[in-house]
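A closer look at the structure
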Amino acid sequence: MSSATSEPLSIIIQPKITTAKKHPHLQKSNLCLLHLCNHLREAQQIHALMIKSSQITDPYSAGRMSEFYALSTSGSLHDAEKVLESLRQPPIFIYNIIMRGHLINRTPLNSLKLYHQSLVNSIYPDHFTFTFVLKACTHLRELGIGRQLHSHVVKLGFGSSAHIRNKLIHMYAVVGRMEDAHKVFEKSSVQDAVAWNSMLEGYAFNGDGGSLHQFFHRMKQRDVVSWNTVIAFFVETGKYEEAMAVFRSMQESRECFPNRITVVSILSAVTHLGALGHGKWLHAYIARRGIELDENLSSALINMYSKCGFIEGAVHVFEAKQWKKVDNWNAMIAGFTSNGHSLKAIKLFSEMLAARMNPNEISFACVLNACSHGGLVEEGKEYFRKMTSSYGLKPDMGHYGCLVDLFSRAGLFDEAEKMIEGMPMKPDAVMWKALMGACRIYRNFELGEKAGYRLIEAAPEDHACYVLLSNIYAMNHDWHGVHTVRKMMLDRGVRKVPGCSSIELDGVSHEFIAGNASHGSKRELYEMLEEMKESLRVAGYEPDTTQVLLDIEEEELKESSLSQHSEKLAIAFGLVSTSPGTTLRVVKNLRVCGDCHSAIKLLSKIYGRDIIVRDSSRFHCFSRGFCSCGDYW
């Protein structure tokens, strides 16, 4: 064979020595420069240098390049995939890097596509590969693909990996296959804390409280994640007393200390229960344990104090935090609003803008709600306009709802209807409820009836919808309409929730149901109710029997019904159980009626007590015969 034909053969047999291999310092220099990159354009320049020097064919260098593209905040998954495509036989770790990048970028389907591509190219997966693809499958809720991946795990000998096994448990749990998750768990030779927690989270994710409770008590290894999972489950399902009980058990067990996640969850339970005493203890615990007050935790504290009617505590937390994030501002504005301080809420919103803090959609929802509760119609319209014109934020259902509520409370029903008709989306139940509430106050029965049926159409399973419409009919003495609505409820299996109020004394919550004074202190309670009734009569109070929305003719029975509303029972118990001058804090599941509102204003003056009532809509802070809402609710 001639020399002319042998030279190309030698080039094919022996790889050409690249510039990078001739000059290893260039390879190190480029990687060092890559480490210093902060922007995509800079990385692309390093990439060009690597291509020019053939360094990009080196797996390690290609991996570092793809890592920057796929995982850095200024990266580009498109460019990362270009690096992958440029390699003849890319190693599996580069596939893994880009799979992880797609998971971070919330494009899990692309991670699975890359896995398929690696199999087509006969590149075998490793431990990390299955970690990423199982996570992608979990995000997509793809049981069929998950089963195939499980078979790959077993065939390729990764079945003994604790990390992969836990990912399988989690995947099966998320797609609702707890029996399969349990099989993987039981077959594991080693059951670590992560495996136990994966099963626990699975039961919580599927809403299986019974199995979750049983599994939790048979757990051999319980850490803070285990306790947090159970507490969060009870909070998310509205079982706040159960969440508090689990928290107390956690402290008694001494297995671990509550962390920031525990505290945020339990603060949510405290907030819903209105248990200020527990909330103050938690705040002290945070300080004692040195838990950092980050944005979420400080907002949770502000929210707790606000919704327990202790606005001073919320202000203290807000002002003590030097660096405030938008969530902190939003929580404080919402707190002022719910406690009847609309002008303070609007002033704080102005301070937020002056501090060069950009408001978000929630900020505008809070300030619009403040305008609604304060009757500030023109201000509300101006904020709604500025939201889009000055800040480029698109109003959602909540913002339109605030405007409808604003117009409705002010009795501007034409503007409210015009807003509903001109919205780019279909009105929701909250909006119809706001309109109906105003129709009841202004006795606009025709519009109230119309809105009532639209409300039932929007939320057919919500008992409050039927009750609101029934009340509209009752106020108009249309008892046929009342019976029609009640029959509709009966036929659809919808049950009315009774009025219920609770009051916390010495860390114990006492609950009262309207018309039912069956409490341990029943005799003292009835005596106090009679004393309250007589004191109110002397003060010139006359029961507003129009608030009795039942077909009862006898005025005496109507007055008796009013006297046993749940908030009055809770206040009576508070008066006999606390020393003079103690503030009473009551939480009610429904809105306070007009009669109770008038009566409690007088009671606050008669007994020299501050009485704070949180109903389903807002706070009423009664003091010296006045209410913080200004009779505008």
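This text gives an overview of the structure that appears in the document. (Residues numbered from 1 in each chain as written. Predicted model: local features only at pLDDT ≥ 70, side-chain atom pairs only at ≥ 80, totals over all residues. Heavy atoms only, no water.)

**Here's the deal with the state of the cysteines**
For the structure on display, the rule yields zero disulfides. Looking at the unpaired Cys308, the closest cysteine sulfur is the one in Cys621, lying at 12 Å. By relative accessible area, Cys308 is classed as buried at 3%. The thiol of Cys627 is unpaired, and the distance to the nearest cysteine sulfur, on Cys629, comes to 3.4 Å. Cys627 gets classed as buried once you look at its relative accessible area, which sits at 12%. (Disulfide = S-S within 2.5 Å. Buried < 20%, exposed > 50% of the residue type's maximum accessible area, 1.4 Å probe, protein only.)

**A word on the packing of helix H28 (residues 445–458) against helix H29 (residues 463–475)**
Their axes nearest at 9 Å, the elements H28 and H29 cross at an angle of 160°. Between H28 and H29, the angle is such that the two are roughly antiparallel. Between H28 and H29 the crossing geometry is left-handed. Each of Phe445, Gly448, Glu449, Gly452, Tyr453, Leu455 and Ile456 in H28 lies in contact with H29, whose residues at this interface are Cys465, Tyr466, Leu468, Leu469, Ile472, Tyr473 and Met475. Of the residues belonging to the contact of H28 with H29, the class tally is eleven nonpolar, two polar and one charged. (Axes fitted to C-alpha atoms, helices over the stretch in contact; angles between N-to-C directions. Helix = DSSP H or I, 4+ residues; strand = E, 2+ residues; numbered from the N terminus. Parallel < 35°, antiparallel > 145°, perpendicular 65-115°, else oblique. Left-handed = near helix turned anticlockwise from the far one by under 90°. Contact = heavy atoms within 4.5 Å. Nonpolar A, V, L, I, M, F, W, Y, C, P; charged D, E, K, R; others polar.)

**Brief notes about the side chain of Ser342**
Tracing the sequence through the fold places Ser342 in helix H22 (residues 342–354). Since its relative accessible area comes to 7%, Ser342 is described here as buried.

**A word on the side chain of Arg409**
Take Arg409: it is sitting in helix H25 (residues 397–409). One polar contact links Arg409 to Ser372, side chain to side chain, over a distance of 3.3 Å. (Polar contact = N/O pair within 3.5 Å; in protein donor to acceptor, adjacent residues only side chain to side chain.)

**Examining the environment of Ile51**
Here Ile51 is to be found in helix H4 (residues 40–52). On the accessibility criterion, Ile51 (49% relative accessible area) is partly exposed. Residues Ile51 and Ala62, spaced eleven residues apart in sequence, show a C-alpha to C-alpha distance of 10.0 Å.

**Quick notes on unusual backbone geometry**
One non-glycine residue, Arg141, lies in positive phi territory at about 55°. Mapped onto the fold, Arg141 is located in the loop between helix H9 (127–140) and helix H10 (143–155). Take Arg141: its relative accessible area is 45%, and that puts it in the partly exposed class. If you check the backbone angles, His477 has positive phi at about 55° while not being a glycine. One can find His477 in the loop between H29 and helix H30 (479–492). With a relative accessible area of 58%, His477 lands in the exposed category.

**Points about the pairing of strand S1 (residues 500–505)**
In terms of burial, S1 is largely enclosed, as six of its six residues are buried. Neither face of S1 is open: one carries Cys500, Ser502 and Glu504, the other Ser501, Ile503 and Leu505, and all of them are buried. Direction of pairing for S1 relative to strand S2 (residues 508–513): antiparallel, over a ladder of six bridges. Note that in S2 the partner of Ser501 across the bridge is Phe512. Turn length for the S1-S2 hairpin, with the two strands adjacent in sequence and antiparallel, is two residues, and the turn residue Asp506 shows positive phi of about 55°. When S1 meets strand S3 (residues 584–588), the two strands line up antiparallel, connected through three bridges. Bridge assignment links Ser501 to a residue of S3, and that residue is Lys588. (Pairing = 2+ DSSP bridges.)

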